[in-house]
Amino acid sequence: MKPESESHLFYQVGLPRPRLHRSEGVYLWDVTGKRYLDASSGPMVSNIGHSNPRVLAAMKAQMDKATFGYRLHFENEAAEELAHSLAALMPHTLDRIFFTSGGSETIESCLKLARQYAITQGQASRWKVISLFPSYHGSTLGASSVTGMKQFTEPFAPMMASMPKIPAPTCYLDHDGLNLEQRGLRYAEMLREEILRQGPETVLAFIMEPVGGASTGALVAPDSWHRRIQDICKEFDILLIADEVMTGAGRTGKFLASEHWNYQPDMIAMAKGLAAGYAPLGAMAAQRHIVDAVMADGGFAHGYTYAGNPLACAAGLAVLRESERLGLVDRAAVQGARLKGLLEQLMRRFPFIGDVRGKGLLLAFELVADRDTMQPLPKEMNAHVELVEEAYARGLIIYSRRTRGGLEGDHFMICPPLIVENEHLDEIMNVLTDSLSALAQRLGLESRAVA
Ligand SMILES: Cc1ncc(COP(=O)(O)O)c(C=O)c1O
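Residues numbered from 1 in each chain as written. Predicted model: local features only at pLDDT ≥ 70, side-chain atom pairs only at ≥ 80, totals over all residues. Heavy atoms only, no water.

Visitor: I'm lost on the pattern of salt bridges in this one. Help?
Guide: Under the criterion given, the structure shown has 25 salt bridges. A salt bridge links Arg-197 to Glu-194; the shortest N-O distance between them is 2.3 Å. Of this pair, Arg-197 and Glu-194 both sit in helix 7 (residues 180-198), separated by three residues, roughly a single helical turn. Take Glu-194: its relative accessible area is 7%, and that puts it in the buried class. Where Glu-390 meets Arg-442, a salt bridge forms, and the shortest distance between an N and an O atom there is 2.8 Å. Within this pair, whereas Glu-390 is found in helix 12 (residues 383-393), its partner Arg-442 is found in helix 13 (residues 422-443), the two being separated by 52 residues in sequence. Linked through salt bridges whose partners overlap, the residues forming this network are Asp-174, Asp-176, Arg-183 and Arg-186. (Salt bridge = Lys/Arg side-chain N within 4 Å of Asp/Glu carboxyl O. Helix = DSSP H or I, 4+ residues; strand = E, 2+ residues; numbered from the N terminus. Buried < 20%, exposed > 50% of the residue type's maximum accessible area, 1.4 Å probe, protein only.)

Visitor: Could you clarify how one ought to interpret empty space enclosed by the protein in this entry?
Guide: Gaps left between atoms show up when a probe the size of a water molecule is rolled over them. Under the defined criterion, the tally for this structure stands at two cavities of 30 Å³ or more. Here the largest cavity defines a volume of roughly 90 Å³. Residue composition of the lining of the largest cavity, grouped by class: ten nonpolar, six polar and one charged. Quantified by volume, the second largest cavity comes out at close to 60 Å³. Its residues placed into classes, the lining of the second largest cavity shows six nonpolar, three polar and no charged. (1 Å grid on protein atoms, 1.4 Å probe; cavity = no way out; pocket = protein on both sides within 12 Å on 5 of 7 lines; lining within 4 Å. Points joined across faces, edges and corners; volume = space filled by probe spheres on them. Nonpolar A, V, L, I, M, F, W, Y, C, P; charged D, E, K, R; others polar.)

Visitor: What is the right way to read the nonpolar core from this model?
Guide: One recurring pattern in soluble globular proteins: nonpolar side chains tend to sit buried together. Counting residues in each nonpolar core, the largest one holds 111 residues, and the members touching the most others are Phe-206 and Phe-365. Here this core gets nine residues from one element, more than from any other, and that element is helix 10 (residues 310-325). With near-sequence residues (within four places) excluded, Phe-206 lies in contact with Ile-130, Ser-131, Leu-132, Ile-166, Leu-191, Trp-225, Ile-229, Cys-233, Ile-238, Leu-239, Leu-240 and Ile-241. (Core = buried A, V, L, I, M, F, W, Y, C linked by side-chain atoms within 4.5 Å. Contact = heavy atoms within 4.5 Å.)

Given below as structure tokens:
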């Protein structure tokens, strides 16, 4: 094996990490032989687990046939078949599929298709896309313009169109004498107020994650919010884009999280679990009438070299088939309910856990200084990094972010692959308990929290 020399790679932050040797099921091994349980599916990607032999065989079979055929030169069977299968899983008439290589590219595609559609409808004044704060929609400049996380967007603000934001429905933080349904309506009305403030004739779309991802830590809005925002979009003829990059492909216990609230979005963005880490793949599903209008007007002025890549689509198709064969969408609902119950038990033991939330196997817990006020821990404590490191040292991978707009607060995504067995859940809980105990001792958390 090649000795570890100075690395020429760089990413967001410079955490030292061992090299990956191999992976299988819910586990990964580094080059020293240490085993890790992947309790976050990487960044909520590895829905069907690692190194699934059927997916590897399907990819190998595709590679033996053809590895690349450019979409302007050839159609390919894998892309056609995957588009066909996905269309059948989408809400009615949302059956036109555009492939990309990931989430950010898919969000860019949605924004641009929406804009071109408005032009075909004689509504060129519409360009603003309202989104939530906090939210995360990707790292490219278009996706960043609708992302509500200051540390990822602020440096680039002069380079992007400024898009309106409304507060994410963080009802669990409010102390206002309202019940959850009333709070949901109050947050939804903020969309209506923002549309009126901006001028409805300038607003193109509203984009949201049906269940919050890493920016809010699996935030689930009350049913009333979901109902009302759909009505408001209809009232002003504003396109609704569901960002299902993280929630799609079964993670929340339905193939699409939109199904929990019977959404009929105009566009859906998927990536992550779609090819589950086996290949870079994303997909935009769009309403037929939108695509027809844009195609009739000269076509979609947008594309990627790797769109519809045969190998990526073969991986996506094999992942979808495995997910169906193993009943993973239903499994996400069952195992998710079990894991959520176990995390709620942790709250009884550790008073500095302020909230446990999520749907299916998109789950998170949040640490606070005071459970009554939900005041976050002092940010200098860096609990979102410290707990991840405690767990990592013990061979457990969890995923964390700052909760309050990326600036403070600490939440942890617990999102194992959908194949997770009960014994794995027990292992996750044992290591998490040890890690939380160590963190509490190191940071003096037990004494500063309210039981
Ligand atoms: C909801 C959501 N949208 C978009 C993205 C961007 O996806 P990618 O990192 O594949 O570009 C992410 C990634 O975390 C996401 O969670």
